[in-house]
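Residue strings, one per chain:
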Amino acid sequence: MPKVRTHSRAKKTFKVGGNGQIKRFKAFKSHLLTKKATKRKRSLRGSTLVHEANLNLVKRMLGLR
């Protein structure tokens, strides 16, 4: 049987919580920030959970399926 390989970028991007939920950080917060409103940048802070529509894909990239 071949070994299960994890996606190299995915293991740096996503974190698995204790109850199996997968955390991700929000996009659009790296550059060109002067034209974005402060309220928008504030809402892009922190992390959120991966949507259930993408959960199987992310789990497969992390080698969890």
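- You'll find the protein entered in an unreviewed UniProt entry as Large ribosomal subunit protein bL35, with Chitinophaga varians given as the organism.

A few points about the overall build of the protein
Then, in step 1: On a plain count of helices and strands, the protein comes out with 3 helices and 3 strands.
Then, in step 2: The helix and strand sequence of the protein, counted from the amino end, reads α-β-β-α-β-α.
Then, in step 3: Its C-alpha radius of gyration of 15 Å places the protein more than 25% over the 11 Å reference for a compact globule of 65 residues.
Then, in step 4: Across the protein, contacts joining residues at least 24 apart in sequence account for 55% of those joining residues at least 6 apart.
Then, in step 5: Carbon and sulfur atoms make up 54% of the accessible area of the protein, which amounts to about 5,700 Å² in all.

Some remarks on the nonpolar core
Then, in step 1: Counting 6 residues, the largest nonpolar core consists of A10, F14, I22, V50, V58 and L62.
Then, in step 2: If we ignore the near neighbours within four places in the chain, the residues touching L62 are T6, A10, K11, F14, V16 and I22.

A look at the environment of A10
Then, in step 1: Inspection of the secondary structure puts A10 in helix α1 (residues 8–13).
Then, in step 2: With relative accessibility at 3%, the residue A10 sits in the buried group.
Then, in step 3: Residues A10 and T48 lie 38 residues apart in sequence; the distance between their C-alpha atoms is 15 Å.
Then, in step 4: Contact partners of A10, with chain neighbours within four places excluded, come to M61 and L62.

So, a positive patch on the surface
Then, in step 1: On the surface, K29, K39, R42 and R45 cluster together to form a positively charged patch.
Then, in step 2: You can see K29 is positioned in the loop between β2 (22–25) and α2 (38–43).

What about helix α3 (residues 52–62)?
Then, in step 1: Here α3 has its buried residues at V58, K59 and L62. Each buried residue of α3 sits inside an arc of 100° when the element is viewed along its axis, so together they form one side. Across from the buried face of α3, at angles greater than 90 degrees, the exposed residues are A53 and R60.
Then, in step 2: Directly after α3, the chain includes G63, whose backbone phi takes a positive value near 80°.

About the criteria used
Residues numbered from 1 in each chain as written. Predicted model: local features only at pLDDT ≥ 70, side-chain atom pairs only at ≥ 80, totals over all residues. Heavy atoms only, no water. Helix = DSSP H or I, 4+ residues; strand = E, 2+ residues; numbered from the N terminus. Rg over C-alpha atoms; globule rule 2.2 N^0.38 Å. Contact = heavy atoms within 4.5 Å. Areas by Shrake-Rupley, 256 points an atom, 1.4 Å probe, with all protein chains shown as cover. Core = buried A, V, L, I, M, F, W, Y, C linked by side-chain atoms within 4.5 Å. Buried < 20%, exposed > 50% of the residue type's maximum accessible area, 1.4 Å probe, protein only. Patch = residues over 30% accessible without salt bridge, like charges linked within 9 Å, V, L, I, M, F, W, Y side chains within 5 Å. Salt bridge = Lys/Arg side-chain N within 4 Å of Asp/Glu carboxyl O. Lys, Arg positive; Asp, Glu negative; His and termini not counted. Charge placed at Lys NZ, Arg CZ, Asp CG, Glu CD. Arc of directions from axis to C-beta.

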